[in-house]
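Descriptive analysis of the structure
Now for the letters of each chain:
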Amino acid sequence: MSRNDVLVTADWAEENLGTPGLVFVEVDEDTSAYDGGHLEGAVKLDWKTDLQDPVRRDFVNKEAFEALLSAKGISNDDTVVLYGGNNNWFAAYAYWYFKLYGHENVKLVDGGRKKWELDGRALSKDTPARPATQYKAQDPDLSIRAFRDEVVASIGTKNLIDVRSPDEFSGKILAPAHLPQEQAQKGGHVPTAKNIPWSKAANEDGTFKSDEQLEALYAEQGYDGSLATIAYCRIGERSSHTWFVLRELLGKSDVKNYDGSWVEYGSLVGVPIEK
Amino acid sequence: MCGAPKQGGTLAGVDLNTQTVIQGSVWHDGAPVPGAYVRLLDSTDEFTAEVVTSPEGEFRFFAAPGQWKVRSLSPVGKGEQVLSADVGLNETTVAIS
């Protein structure tokens, strides 16, 4: 696995819109973004309503994922090309999610929606009609998903990477600053976690930094290549971005995303917290 | 939920006794810039959040008291503004030159 297998440029995406066997998928929480214009032929996935269980805090199960992809007209043989807003946070989350359910060919558009817009590339308001498929998912691959007990057990023994902003890491603010700061959980971070914000891995236009820059970044921030790694943020989407960098771009082994993240950890009774 | 709420509009429902709101608009050539990317950087210039301006060119952040920088990136150019925020409403304008 290398950068060319998992990441495509906006130029490549533009040249390949409509290519059979490729399905472009926009993933946002703000679905008005898609409705206001999207890559020609792209289908929409709503991060919240499509990918989250409507009752419990968890993913949709395997059967629901199969039903979702079947209804969207995505088949097991298709290459899924993901992009989205928020510097590809939710597209990276969807990438991880597709991998969790065993989809083989998945790619991200470098820079996502932001670079596409800044480049002034064309957007379409047409909703594509794709015939339904009979999608079959695999059992969830839990080698890439961490749960809370494993996080607690990893204190001092694995690379714990907190990818939130420094002010969230320190507990000064409890959520990214585009959201109101009223949260139930305590502020701070998991003891021994290193604060390597997701944003350090990206350029201002949302594209990923080069492999050389990324290797240097994690080395200088104390990432230990001999240890397993768990990345977390507030709800697991920014840490998907870092999971993508470490596992898919840099090819690190044993990297998990803790999607429970700070909203769960900071609400647990009795676990250690550092500020 | 990490998607930004709709930008602009009223502050109804926002408690200005506890929230540190930084809001304003992005301007270029005497007109507001819709669809501009605006990011909030902390006192060390590290990314804290990013939103896209409303059709009226407005943005809004919920931060904490302290020094901040608002930087805008759009197809028409870049601009930035440094400000000191307190609890309550802090308004600023970012001009793209």
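1. Quick notes on the side chain of T92(B)
Residue and element names in this part refer to chain B.
- Along the chain, the position of T92 falls in strand β8 (residues 88-95).
- The class of T92 is buried, set by a relative accessible area of 11%.
- In contact with T92, other than residues within four places in its own chain, are Q23, G24, S25, F59, Q81 and L83.

2. Examining the sheet that holds strand β6 (residues 159-162) of chain A
Residues and elements named next belong to chain A.
- The parallel open sheet is built from four strands, whose spatial order is β7-β6-β8-β9. The two strands at the open ends of the sheet, each matched to only one other strand, are β7 (194-195) and β9 (255-257).
- Across three bridges, strand β8 (residues 229-232) lies against β9 in parallel orientation. Residue pairing across strands places T229 opposite V255, the latter belonging to β9.

3. So, the interface of chain A and chain B
- Tallying the contact residues gives 32 residues for chain A and 30 residues for chain B.
- For the pair chain A and chain B, the summed buried area comes to about 2,600 Å², and 55% of that belongs to carbon and sulfur atoms.
- The largest contributions to the chain A side of the interface with chain B come from A177(A), H178(A) and E204(A), which together make up 26% of the buried area.
- The interface formed by chain A and chain B includes eight residue pairs in polar contact (both at pLDDT 80 or more).
- The set of elements that each furnish at least two residues to the side of chain A that touches chain B consists of α5 (89-100), α6 (112-118) and α8 (166-169) of chain A.
- Tallying contributions element by element places α6(A) first for the side of chain A that touches chain B, with four residues.
- Across the side of chain A that touches chain B, the residue classes tally to 13 nonpolar, six polar and 13 charged.

4. Some details on unusual backbone geometry
- Its identity as a non-glycine residue notwithstanding, S261(A) has a phi of 50°, on the positive side.
- Relative to the helices and strands, S261(A) is located in helix α11 (residues 261-265).
- On the basis of relative accessible area, S261(A) is assigned to the buried category, the value being 0%.
- The backbone phi angle of D29(B) is positive, close to 55°, even though this residue is not glycine.
- For D29(B), the location among the structural elements is in the loop between β1 (20-28) and β2 (31-32).
- On the accessibility criterion, D29(B) (73% relative accessible area) is exposed.

5. Here we look at the environment of W47(A)
Residues and elements named next belong to chain A.
- As for its position among the elements, W47 is in the loop between β3 (43-46) and α4 (62-72).
- With relative accessibility at 5%, the residue W47 sits in the buried group.
- When the C-alpha atoms of W47 and A94 are compared, they prove to be 7.7 Å apart, with 47 residues separating the residues in sequence.

6. Description of the sheet that holds strand β4 (residues 79-83) of chain A
Residue and element names in this part refer to chain A.
- A sheet is described by the order of its strands in space; here five strands give the open sequence β1-β5-β4-β2-β3, paired in parallel fashion. Strands at the two margins of the open sheet, each flanked by one partner only, are β1 (7-8) and β3.
- Bridging between β1 and strand β5 (residues 106-109) involves two bridges; their strand directions are parallel. Of the residues in β5, the one forming a bridge with V8 is V109.

7. A few points about the domain arrangement of chain A
All names here are of chain A.
- Under the domain assignment, chain A is made up of domain 1 (3-140) and domain 2 (143-265).
- Here the C-alpha centre of domain 2 lies 23 Å away from the C-alpha centre of domain 1.
- At the interface, 23 residues of domain 1 touch 28 residues of domain 2.
- Buried surface at the junction of domain 1 and domain 2, both sides included, amounts to about 2,300 Å², of which 64% is carbon and sulfur.
- On the surface where domain 1 and domain 2 come into contact, there are two salt bridges.

8. Considering the environment of H103(A)
- Tracing the sequence through the fold places H103(A) in the loop between α5 and β5.
- For the pair formed by H103(A) and K136(A), sequence separation is 33 residues and the distance between their alpha carbons is 9.2 Å.

9. A short note on the packing of α5(A) against helix α10 (residues 238-249) of chain A
Residue and element names in this part refer to chain A.
- Where α5 contacts α10, the axes come no closer than 7 Å and their chain directions differ by 60°. Judged by the inter-axis angle, α5 sits oblique to α10. As for how α5 packs across α10, the hand of that crossing is left-handed. Taking contact as the criterion, the partners of W89, A92, Y93, Y95, W96 and K99 in α5 are, on α10, R238, S240, H241, W243, F244 and E248.
- Here the contact of α5 with α10 is composed, by residue class, of seven nonpolar, two polar and three charged.

10. Observations concerning the pairing of β4(A)
All names here are of chain A.
- Counting buried residues along β4, five of its five residues qualify, which places the element largely inside the surrounding structure.
- The alternating pattern of β4 places T79, V81 and Y83 on one face and V80 and L82 on the opposite face, and all of these are buried.
- Of the strand pairs in this sheet, β4 and β5 are connected by three bridges, and their pairing is parallel. The residue of β5 that forms the bridge with V80 is V106.
- For the segment spanning β4, α5 and β5, crossover handedness is right-handed.

11. Thoughts on the pairing of strand β3 (residues 37-41) of chain B
Residue and element names in this part refer to chain B.
- Counting buried positions over the five residues of β3 gives five, a clear majority of the element.
- By the alternation rule, side chains of β3 split into Y37, R39 and L41 and V38 and L40, which are all buried.
- With five bridges connecting them, β3 and strand β4 (residues 47-52) associate as antiparallel partners. Its bridge partner lying in β4, L41 is registered against F47.
- Between β3 and the antiparallel strand that follows it, β4, lie five residues; D45 among them carries a positive phi value of about 70°.
- Here β3 pairs with strand β6 (residues 66-74) via five bridges, running antiparallel. Note that in β6 the partner of V38 across the bridge is S72.

Basis of the calculations
Residues numbered from 1 in each chain as written. Chains lettered and ligands numbered in written order. Predicted model: local features only at pLDDT ≥ 70, side-chain atom pairs only at ≥ 80, totals over all residues. Heavy atoms only, no water. Helix = DSSP H or I, 4+ residues; strand = E, 2+ residues; numbered from the N terminus. Buried < 20%, exposed > 50% of the residue type's maximum accessible area, 1.4 Å probe, protein only. Contact = heavy atoms within 4.5 Å. Pairing = 2+ DSSP bridges. Buried area = accessible area lost by both parts, 1.4 Å probe. Polar contact = N/O pair within 3.5 Å; in protein donor to acceptor, adjacent residues only side chain to side chain. Nonpolar A, V, L, I, M, F, W, Y, C, P; charged D, E, K, R; others polar. Domains from an automatic or database assignment. Salt bridge = Lys/Arg side-chain N within 4 Å of Asp/Glu carboxyl O. Axes fitted to C-alpha atoms, helices over the stretch in contact; angles between N-to-C directions. Parallel < 35°, antiparallel > 145°, perpendicular 65-115°, else oblique. Left-handed = near helix turned anticlockwise from the far one by under 90°. Right-handed = clockwise from strand over helix to strand, strands pointing away.

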